[in-house]
Amino acid sequence: MDVSAGAALGAALAVGLGALGAGIGDGLVSSKTVEATARQPELRGNLMVIMFIGVGLIEALPIIGVVIAFMLFGKI
Amino acid sequence: MKSIEQIHEELNIWHFPHHPWEVTIGNMHLAFNPKTLIMTWIVMIIIAVFWVWATRNMEMKKPSKKQLLAEEIFNFLRGLVNENLDPHKGASIMTLIFALFIFLLFSNLWGLVPTMMSPTADLNTTAGLAVMVFILVQILGFRYRGGGYVKYYLHPYPFFLPLTVVEELAKPVTLAFRLYGNIFAGEVLMAVLLSLIGLKTFYFLGFLPHVIWLAFSIFVGCIQAFIFTMLTIAYTARAVAEEEH
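Remember, predicted model here, so these are calculated numbers, not experimental data.

This part covers the overall build of chain B. Along the backbone of chain B there are 8 helices and 2 strands. In chain B, the order of α-helices and β-strands from amino to carboxyl end is α-β-β-α-α-α-α-α-α-α. Taking the principal axes of its C-alpha atoms as reference, chain B extends roughly 70 × 55 × 40 Å. Here chain B has roughly 14600 Å² of accessible surface; of this, 72% comes from carbon and sulfur atoms. Positive and negative charge centroids in chain B, built from 16 and 16 side chains respectively, lie 7 Å apart.

Another aspect to go through is the pattern of salt bridges. All names here are of chain B. For the structure on display, the rule yields 3 salt bridges over all chains. Across the salt bridge formed by E167 and R238, the nearest N and O atoms sit 3.2 Å from each other. Placement of the pair is E167 in helix 7 (residues 161-196) and R238 in helix 8 (residues 208-240), with a sequence separation of 71 residues. K171 is the partner of E168 in a salt bridge, and the nearest nitrogen-oxygen pair spans 3.4 Å. Of this pair, E168 and K171 both sit in helix 7, 3 residues apart, which is roughly one turn of the helix. Like E168, the residue K171 is buried in the burial classification.

What follows concerns the interface of chain B and chain A. Taken together, the contact pairs 16 residues of chain B with 13 residues of chain A. Summed over both partners, the interface of chain B with chain A comes to about 1200 Å²; 86% of that surface belongs to carbon and sulfur atoms. Of all residues in chain B, F177, R178 and I227 of chain B give up the largest surface area on contact with chain A, accounting jointly for 28% of the area buried on that side. At the junction of chain B with chain A, the criterion picks out 0 salt bridges. Across the contact surface, chain B and chain A share 0 residue pairs in polar contact (both at pLDDT 80 or more). Residue assignment for the side of chain B that touches chain A shows that the elements contributing at least two residues are helix 7 and helix 8 of chain B. Of the residues forming the side of chain B that touches chain A, the biggest block, 8 residues, is contributed by helix 7 of chain B.

A few words on the environment of N108 of chain B. Residue and element names in this part refer to chain B. With respect to the secondary-structure elements, N108 resides in helix 4 (residues 87-110). Through-space distance from the C-alpha of N108 to that of L208 is 22 Å; in sequence the pair is 100 residues apart. With near-sequence residues (within four places) excluded, N108 lies in contact with S118, T120, L179, I183, G221, Q224 and A225. A polar side-chain atom of N108 sits 2.8 Å from a polar atom in the side chain of T120.

We now examine the packing of aromatic side chains. Residues and elements named next belong to chain B. Counted by the stated rule, this structure contains 13 aromatic pairs over all chains. Taking the centre distance of 5.5 Å and the plane angle of 55 degrees together, the rings of F50 and F106 count as tilted. Of the two residues, F50 sits in helix 2 (residues 34-54) while F106 sits in helix 4, which places them 56 residues apart along the sequence. Taken together, a centroid distance of 5.2 Å and an interplanar angle of 55 degrees make the contact between F159 and F160 tilted. Among the aromatic residues, those joined into a ring-pair cluster are F50, W51, W53, F74, F98 and F106. Note that K89 overlies the ring of Y144, its terminal NZ or CZ placed 5.3 Å from the centroid. Positioned above the aromatic ring of Y144 is the side chain of R143, whose terminal nitrogen or guanidinium carbon lies 5.2 Å from the ring centre.

Residues and elements named next belong to chain B. Of the residues in chain B, 98% reach a pLDDT of 70 or more, and the chain-wide mean stands at 87. By mean pLDDT, helix 1 (residues 4-11) is the weakest element of chain B at 79, and helix 2 is the strongest at 93. This complex was scored by the predictor with a pTM of 0.85 and an ipTM of 0.71.

Let us look at helix 1 (residues 3-39) of chain A. Structural remark: α-helix, 3.6 residues per turn; residues separated by three or four positions point the same way. Residues and elements named next belong to chain A. Here helix 1 spans 54 Å end to end across 37 residues, near enough to the 54 Å set by a 1.5 Å rise per residue. Residues of helix 1 that are buried include every one of A7, A11, A22, G25, D26, T33 and T37, and no others. In this fold, the buried residues of helix 1 make contact with helix 2 (44-73).

This next bit is on the nonpolar core. One recurring pattern in soluble globular proteins: nonpolar side chains tend to sit buried together. All names here are of chain B. Counting residues in hydrophobic clusters, the biggest one holds 52 residues, and the most contacted among them are W51, L77, F101, I102, L104 and F228. When contributions to this core are tallied by element, the ones reaching two or more residues are helix 2, helix 3 (65-84), helix 4, helix 5 (123-145), helix 6 (148-153), helix 7 and helix 8. Beyond its immediate sequence surroundings of up to four residues, I102 is in contact with I47, W51 and I73. Core analysis: the second largest hydrophobic core is formed by 5 residues, I4, V188, A191 and V192 among them.

Basis of the calculations
Residues numbered from 1 in each chain as written. Chains lettered and ligands numbered in written order. Predicted model: local features only at pLDDT ≥ 70, side-chain atom pairs only at ≥ 80, totals over all residues. Heavy atoms only, no water. Helix = DSSP H or I, 4+ residues; strand = E, 2+ residues; numbered from the N terminus. Areas by Shrake-Rupley, 256 points an atom, 1.4 Å probe, with all protein chains shown as cover. Lys, Arg positive; Asp, Glu negative; His and termini not counted. Charge placed at Lys NZ, Arg CZ, Asp CG, Glu CD. Salt bridge = Lys/Arg side-chain N within 4 Å of Asp/Glu carboxyl O. Buried < 20%, exposed > 50% of the residue type's maximum accessible area, 1.4 Å probe, protein only. Contact = heavy atoms within 4.5 Å. Buried area = accessible area lost by both parts, 1.4 Å probe. Polar contact = N/O pair within 3.5 Å; in protein donor to acceptor, adjacent residues only side chain to side chain. Phe/Tyr/Trp six-rings, centres within 6.5 Å; stacked < 30°, edge-to-face > 60°. Lys NZ or Arg CZ within 6 Å of the ring centre and 35° of its normal. pLDDT = per-residue confidence, 0-100. Expected span 1.5 Å × (residues − 1). Core = buried A, V, L, I, M, F, W, Y, C linked by side-chain atoms within 4.5 Å.

Right under this line is the structure:
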């Protein structure tokens, strides 16, 4: 396998697997936030802030994966 | 279908040089990235002009719309700071938090103007900001807790020291990469969309993906500015908080 084919495969895997994990994590965070808001609607503002922090932390890793994929993309 | 390099070449209508300016002073070798520098200056000018304009002729009785906007942003950030820190300590970092949020918000949104670039789409800018936050947190921890801050590193047991150091060093790295990755990926995806969908399809709604992605980028820019600021507050709060036993 030459380098460019490996780079293409690596970029696809980095983005795909990163997005898979982050999708599961984001789904869990959002569903729990919806449950908590349904239980205690008056805490909605606080919960939204906490949710955005959690989503931001989760999104960091796939975004780093995307940056690595862009680096690999340049090698194709 | 054009390659991404061609798209970048076509979008470079201001003729920014591709290579950094190299300067050597004595033994120090410095490289300046001209595009990032110029964009940062433009954003700084915009911020200065906007806030002078927004806070001119302030009134207590009948505030204007622009004054209300400025007050609303400041009150929002002050609420976040006061929730996490006690008001005395919070007041000392309030100006920094406000400046950080405004700079990040304006520079994230500036990259959405065609042919312009966000200063934060360069790893050097975000890494500089993250290192500044890291040093600030350490200094504030020592200032408010003195020798007790060392205990924060040896918290449950002294042999956790390597883990705590790695955890502490991971904070600026993730701060820098999160912001850079989000903004840079937004701009690269716009170039990729331009290369995949040519402007010839304009009359057949070929501009829709770009518009949708631009709208999403506005959201991402605001959220990332908020998260960077919020995490700065949270890290400071954790380093500064008194031990509760």
